[in-house]
Amino acid sequence: MRKITEIILHCTATRPNDHCTVESIRRYHRSLGWRDIGYHYVIYQDGGVLPGRPLEEVGAHCPGHNANSIGIAYVGGIDADGHPSDTRTEAQRLVLLQLVKDLMEEHPIISIHGHNEYANRACPCFDVRQWLSENNL
Ligand SMILES: [Zn+2]
């Protein structure tokens, strides 16, 4: 297993009623010439956690930070009007927190960041620093 020291959080930048699944993301990312879906986990609105790219493989979700990180994306991030928004459902919030906690136990995680801390983007459309402090992470 490669050394994993960081978790980077994303959204899929899709609207509430968009069809967005691991398979549709995988198709899209492959259409960009990537060999597989860029994220390691995708969290559906109902709280389902779907595996994406295998953890032992370097992801493609945050240029310059992929080698030692895990990329997690929740489905959503854009409201019905097309604006960036924290659209996480209660189930997604609960499951995201648990997944991060579990990964912290399994890997020597040093830091957790939102994609927007590394790129000029809204992703993941919520304040990860505030979320971390609210949850004592
Ligand atoms: Zn992102």
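Here the structure is shown first, and the text comes after it.
Residues numbered from 1 in each chain as written. Predicted model: local features only at pLDDT ≥ 70, side-chain atom pairs only at ≥ 80, totals over all residues. Heavy atoms only, no water.

## Details of the nonpolar core
Line of reasoning, step 1. L9 and I72 are the most contacted members of the largest nonpolar core, which totals 23 residues.
Line of reasoning, step 2. Elements represented by at least two residues in this core include exactly β1 (6–11), β2 (41–43), β4 (69–74), α2 (90–106) and α3 (128–134).
Line of reasoning, step 3. Looking at which element gives the most residues to this core, the answer is α2, with 5 residues.
Line of reasoning, step 4. Beyond its immediate stretch of four places on either side in the chain, I72 contacts I7, I8, L9, H10, Y41, I43, L96, L99, V100 and L103.
Line of reasoning, step 5. Membership of the second largest hydrophobic core comes to 8 residues, among which are C20, V22, V42 and V75. (Core = buried A, V, L, I, M, F, W, Y, C linked by side-chain atoms within 4.5 Å. Buried < 20%, exposed > 50% of the residue type's maximum accessible area, 1.4 Å probe, protein only. Helix = DSSP H or I, 4+ residues; strand = E, 2+ residues; numbered from the N terminus. Contact = heavy atoms within 4.5 Å.)

## Concerning the coordination of the zinc ion
Line of reasoning, step 1. Surrounding the zinc ion are the protein donor atoms H10 (ND1), H115 (ND1) and C123 (SG), which sit 2.0 to 2.3 Å from the metal.
Line of reasoning, step 2. Under the relative-accessibility criterion, H10 is labelled buried at 2%.
Line of reasoning, step 3. H115 gets classed as buried once you look at its relative accessible area, which sits at 6%. (Donors = N, O, S within 2.8 Å, 3.2 Å for Na, K, Ca; no water.)

## Remarks on the pattern of salt bridges
Line of reasoning, step 1. On inspection of all chains with the given rule, the structure shows 7 salt bridges.
Line of reasoning, step 2. A salt bridge links E57 to R35, with the nearest nitrogen and oxygen atoms 2.8 Å apart. Remark: R35 occurs in the loop between α1 (22–31) and β2 and E57 occurs in the loop between β3 (49–51) and β4; sequence separation between them is 22 residues.
Line of reasoning, step 3. Bridged by salt links that share partners, the residues E23, R26, R30 and D36 form one connected network. (Salt bridge = Lys/Arg side-chain N within 4 Å of Asp/Glu carboxyl O.)

## Brief notes about α2
Line of reasoning, step 1. The terminal C-alpha atoms of α2, which comprises 17 residues, lie 25 Å apart, in line with the 24 Å expected from a rise of 1.5 Å per residue.
Line of reasoning, step 2. Along α2, the residues that are buried comprise Q92, L96, L97, L99, V100 and L103. The arc that holds the buried residues of α2, viewed along the axis, is 165°, so those residues lie on one side. Those residues of α2 that are exposed and aimed more than 90 degrees away from the buried face are E90, L94 and E105.
Line of reasoning, step 3. Tucked inside the fold, the buried residues of α2 contact β1, β2, β3, β4, β5 (111–114) and α3. (Expected span 1.5 Å × (residues − 1). Arc of directions from axis to C-beta.)

## Structural notes on the sheet that holds β3
Line of reasoning, step 1. Strand order in the open sheet formed by 5 strands is β3-β2-β4-β1-β5, and the pairing between neighbours is mixed. For this open sheet the edge positions go to β3 and β5, each flanked by a neighbour on one side alone. Geometrically, the sheet is characterised by an average inter-axis angle of 25° between neighbouring strands, direction not taken into account.
Line of reasoning, step 2. Where β1 lies against β5, 4 bridges are found, and the strand directions are parallel. Paired with I7 across the bridge in β5 is I112. (Pairing = 2+ DSSP bridges. Axes fitted to C-alpha atoms, helices over the stretch in contact; angles between N-to-C directions.)

## Concerning the pairing of β4
Line of reasoning, step 1. Judged by how many residues are buried, β4 sits mostly within the fold: 6 of 6 residues are covered.
Line of reasoning, step 2. Burial along β4 is two-sided: the face carrying S69, G71 and A73 and the face carrying I70, I72 and Y74 are both buried.
Line of reasoning, step 3. Sheet topology note: the β1/β4 ladder contains 6 bridges and is parallel. In the sheet register, H10 faces β4, and the bridge partner there is A73.
Line of reasoning, step 4. Looking at chain direction, β2 and β4 are connected through 3 bridges and run parallel. From the neighbouring strand, I43 faces β4, where its bridge partner is Y74.

From the geometry alone we can't say anything about function, so treat these as descriptive.
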